[in-house]
Amino acid sequence: MDWSFVLTQTLTQAIGIQAIIYCLAAIGLNVQFGYTGLLNFGQVAFVAAGSYAVGVIVLTFDLSLWLAILVGIVVATIIALLLGIPTLRLRADYLAIVTIAFSELVRLTVRSIAFRDVFGGAQGLNGKLGQDFHDTNPLPADFQSLPILSWTRQDLWVVIVGWILVAFFTFLVWMLVRSPWGRIVRGIREDENAVVSLGKNVFAYKLQALILGGIIGAFGGIVWAVAKQSVQPDTFRPEFTFFAYTILLLGGAARVMGPVVGAILFWIVLAGTGEFLGQAIQAGWIDFLQPTDVGNIRFVLMGSGLIALMVFRPQGIFGDRRELALDAK
Amino acid sequence: MPSNDTVPGAQGEAARAALANVEARPGAPKPDPIVIADHVRRSFGGLTAVNVEHVEIQRGAITALIGPNGAGKTTFFNLITGFDDADEGKWSFNGRQVAGMAPYRLARIGMVRTFQLTKALSRMTVMDNMRLGAKGQTGERFFAAIFPFLWNGQEKSIAERAMGLLERFNLHEKVDDFAGSLSGGQRKLLEMARALMANPELIMLDEPMAGVNPALKQSLLGHIKTMREEGTTVLFVEHDMDMVHDISDWVIVMAQGSVIAEGPPDAVMKDQAVIDAYLGAHHDAQLTETGEALTESADGDPR
């Protein structure tokens, strides 16, 4: 059994591109759900918006990636307005229903045959999507690999910029939530009528939080398209949103570092168990499982872990249990 | 601590003097009304919860809105403050027509309310609750929020003002505690203090005494009088007639959605219509004959 392989693979994935993508999506959810209390079950739609903005602008229209990023931000804003304006005046559950339906609507639209010329249908968009970005790679051309982390030169550049993005948005959220703006959104989470009674335009703040969270999520999608050089419609299933929620709850909602630690932990567990089980089956330690079962078993383990977390530490890694005890209004 | 004696201060004297010549009848015009409401109606299905022909609230006075359960007091509150939409009717605040205005805008122009079920923001500290009340904060704007130097100064002065109010309401030792850890009475105090942070011209208190122990009640009464002395108009909903008698300058009585009586507290307490509304029209009849009469006067809660 190759322990070092298990370790390096786990570590590489724990802070790899997938972790960054989910982390960005979870930071967005943290703004929406963690701080403002908006139940957005369609975060994947914003991620898809980012990815498809890159795909469509770069591949379909043959324009620059930098324009695509701008388009991604604009589209995420439009989606947030579209979802938010009719539902944010209503009770919280309405947004949840509309967002989950909308995210599937987005996926089914982009994979439909009718829009195949623009979105590429079920095959998605594949090509040199991130070329403009990869051209900026400052790493030496003869770069082989880092000692432990097995990234290619191209991936390492994405990882570096990806974590810079994570750091930037984490810092932005930190600045916002400790400001009077953050106080209002936290107040909305607690009881929006109380905040209304103090003369705050709650609807506008909810919309701002939805837009900000959506844009951060769209950056996850942009990173995805640039790193993989491909956009696949079926990667944007509702599970993505639920994994992002898992990450958020793992780290602790309404904690600035929650999504970052949650994402790393999520991928340690997911990649770690996967690699370990794979190796263990190969080595003959486990004979009741087939290598093809590993993918499913790791989600079983993840689910069990999440249940255990909810029982023993419902506030997440960073949460404050005292706050949770005060839930009664 | 503010004084708890029944002698009103200068503002109280003035308010009572101004109201001395007002007729004690429903819809009586007041010398200086801050709120004038006309034909305000709201029904839930077949039940007309509020149907107020005309009512005026005197500026600078403490006005009590009383009535039996289900009289429509809270619904009327919700309508006036924009938290519920009236089927018809118009009302003005400070001479400005405000029917249909969003509740947050009403709060901004000086009409601030509290709630029957106290809305302390549990998972925020007492200080954050207070700061939330302050109006016109630069740091509440999204792009300004990212630059603390734009709002740090304002934040400090807001905190100072909050501290002053918390001391007055005897909550200053709880300043860093979560609001959710306060007792029910303390939450009432916090909600009131928070509303005052918004510098209201008219503060509308929905059952400020509900679930508050007698000792705290006395201090709450004192706080309400202090508000009047500082020039704030107070309108409050209450059940407890003794409390109403103690502090109000004027009393408006609602029953089954309409205003049935108005007047100074002493006169209203003796009003036959009020006694009937509270106790039923046949309350002094022989017990053996009252079975029907009692069910007849019992009305349901509209909410």
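None of these values were measured; they are calculated from a predicted model.

Student: Which residues make up the overall build of chain B, and what values do they have?
Tutor: The secondary structure content of chain B amounts to 12 helices and 10 strands. Of the contacts formed within chain B by residues at least 6 apart in sequence, a portion of 68% connects residues at least 24 apart. For chain B, the computed accessible surface area is about 12,900 Å², with 51% contributed by carbon and sulfur atoms.

Student: Could you give an account of the pairing of strand E2 (residues 47-58) of chain B, naming the residues involved and the relevant values?
Tutor: Residue and element names in this part refer to chain B. Of the strand pairs in this sheet, strand E1 (residues 33-44) and E2 are connected by 10 bridges, and their pairing is antiparallel. Bridge pairing in E2 places Val40 opposite Val52. The turn linking E1 back onto E2 is made up of two residues, and Gly45 within it adopts a positive phi angle of 60 degrees.

Student: Hey, could you go over helix H2 (residues 17-35) of chain A for me, with residue numbers and the actual values?
Tutor: Taking 1.5 Å of rise per residue, the 19 residues of H2(A) would be expected to cover 27 Å, and the 26 Å separating its terminal C-alpha atoms lies within 8% of that figure. In the stretch just after H2(A), Gly37(A) is the one whose phi turns positive, near 80 degrees.

Student: Explain the pattern of salt bridges to me, using residue names and the numbers behind them.
Tutor: Under the definition given, this model contains 25 salt bridges over all chains. One network of salt bridges, with partners in common, ties together Arg183(A), Arg186(A), Asp128(B), Arg131(B) and Glu155(B).

Student: How would you summarise the packing of aromatic side chains if you had to cite specific residues and measurements?
Tutor: If you walk through the whole model with that rule in mind, you get 25 aromatic pairs over all chains. Relative to Trp267(A), the ring of Phe266(A) has its centre 5.6 Å away and its plane inclined at 80 degrees; by these criteria the two rings are edge-to-face. Owing to a relative accessible area of 1%, Phe266(A) belongs among the buried residues under this scheme. Within the aromatic cluster, the residues linked to one another by ring pairs are Tyr22(A), Tyr52(A), Phe115(A), Phe119(A), Trp224(A), Phe236(A), Phe240(A), Phe243(A), Phe266(A), Trp267(A) and Phe299(A). Of note, Arg113(B) hangs over the ring of Phe83(B), and the distance from its end group to the ring centre comes to 5.1 Å.

Student: Lay out the sheet that holds strand E9 (residues 250-255) of chain B with the relevant residues and their values.
Tutor: Residue and element names in this part refer to chain B. An order of E6-E7-E8-E3-E9-E10 is seen for the six strands of this open sheet, with the pairing classed as mixed. The open sheet is flanked by strand E6 (111-113) and strand E10 (258-263), the only strands paired with a single partner. For this sheet, the mean inter-axis angle between neighbouring strands, taken without regard to orientation, is 20 degrees. For strand E7 (residues 202-206) and strand E8 (residues 233-237), the ladder comprises five bridges, and the chain directions are parallel. Its bridge partner lying in E8, Met204 is registered against Leu235.

Student: Got a sec to walk through unusual backbone geometry? Specific residues and values, please.
Tutor: Although it is not a glycine, Gln229(A) adopts a positive phi angle of roughly 55 degrees. With respect to the helices, strands and loops of the structure, Gln229(A) is situated in the loop between helix H11 (202-228) and strand E2 (230-231).

Student: Tell me about a nonpolar patch on the surface, and please be specific about residues and values.
Tutor: Taken together, the side chains of Phe61(A), Leu63(A), Leu67(A) and Leu70(A) make up a nonpolar region of the molecular surface, amounting to roughly 380 Å² of accessible area. Structurally, Leu67(A) is set in helix H4 (residues 65-87).

Student: So, the interface of chain A and chain B: which residues are in play, and what are the values?
Tutor: Residue-level contacts link 32 residues of chain A with 35 residues of chain B. For the pair chain A and chain B, the interface holds five salt bridges. For Arg186(A), the salt bridge goes to Asp128(B), with nearest N and O atoms at 3.5 Å. The tally of links from chain A across to chain B stands at 12 residue pairs in polar contact (both at pLDDT 80 or more). Contributing elements (two or more residues each) for the side of chain A that touches chain B: helix H8 (153-177), helix H9 (180-190), helix H10 (192-197), H11 and helix H15 (321-325) of chain A. With eight residues, H9(A) is the single largest residue contributor to the side of chain A that touches chain B.

Student: So what about the packing of helix H3 (residues 43-60) of chain A against H4(A)? Which residues, and what values?
Tutor: Residue and element names in this part refer to chain A. At their nearest, the axes of H3 and H4 sit 8 Å apart, and the two run at 145 degrees to each other. Relative to H4, the crossing made by H3 is right-handed. Touching Ala45, Phe46, Ala49, Ala53, Val54, Ile57 and Val58 of H3 are Leu65, Leu67, Ala68, Val71, Gly72, Val75, Ala76, Ile79, Ala80 and Leu83, all from H4.

Student: Quick rundown of the sheet that holds E2(B)? Include the residues and the values.
Tutor: All names here are of chain B. Taken in spatial order, the four strands make up an open sheet running E2-E1-E4-E5, and their pairing is antiparallel. Each of the sheet's edge strands pairs with one partner strand only, and the pair in question is E2 and strand E5 (96-97). Direction of pairing for strand E4 (residues 88-93) relative to E5: antiparallel, over a ladder of two bridges. Bridge pairing in E5 links Ser92 to Gln97. Contacts from helix H2 (residues 73-80) reach E1, E2 and E4, with the element oriented near 115 degrees to E1.

Rules and cut-offs
As a convention, each chain's residues are numbered from 1 in the sequence order in which they are written. By the order in which they are written, chains take letters starting at A while ligands take numbers starting at 1. Local features are withheld for residues below a pLDDT of 70 in this predicted model, meaning they are given only at 70 or higher, and side-chain atom pairs are given and counted only at 80 or more; totals for whole chains, interfaces and linings count all residues. Water and hydrogen atoms play no part in the side-chain values, which are based on all heavy atoms of the structure. Where helices and strands are cited, they refer to DSSP runs of H or I of at least four residues and of E of at least two residues respectively, numbered from the N terminus. The criterion used for residue contact is that any of the two residues' heavy atoms lie within 4.5 Å. For the accessible areas, the method is Shrake-Rupley and the probe is 1.4 Å, while residue cover comes only from the protein chains on display. DSSP bridges decide pairing: two strands pair if at least two such bridges lie between them. Each residue after the first adds 1.5 Å to the expected span of a helix. Salt bridges, as used here, are contacts in which a Lys or Arg side-chain nitrogen is within 4 Å of a carboxyl oxygen on Asp or Glu. Stacked, tilted and edge-to-face are the three classes assigned to paired rings of Phe, Tyr and Trp, where Trp is represented by its six-membered ring and a pair needs centres within 6.5 Å; plane angles under 30 degrees give stacked, over 60 edge-to-face, the rest tilted. Relative accessibility decides the category of a residue: with a 1.4 Å probe and only protein chains considered, values under 20% of the type maximum give buried, values over 50% give exposed, and everything between is partly exposed. By the criterion adopted, a ring carries a charge over it if an Arg CZ or a Lys NZ lies within 6 Å of its centre and within 35 degrees of its normal. Interaxial angle, 0 to 180 degrees, is taken between N-to-C directions of lines fitted to C-alpha atoms, where a helix line uses only the stretch in contact. The residues that make up patches have over 30% relative accessible area and no salt bridge, and they are joined within 9 Å when like-charged or within 5 Å when they are Val, Leu, Ile, Met, Phe, Trp or Tyr. Polar contacts, as used here, are pairs of N or O atoms within 3.5 Å; protein pairs need one atom able to donate a hydrogen and one able to accept it. Residues neighboring in sequence count only if both atoms are side-chain atoms. Helix crossings get a hand from a simple test, with the near helix turned counterclockwise from the far one by less than a right angle marking a left-handed crossing and a clockwise turn marking a right-handed one.

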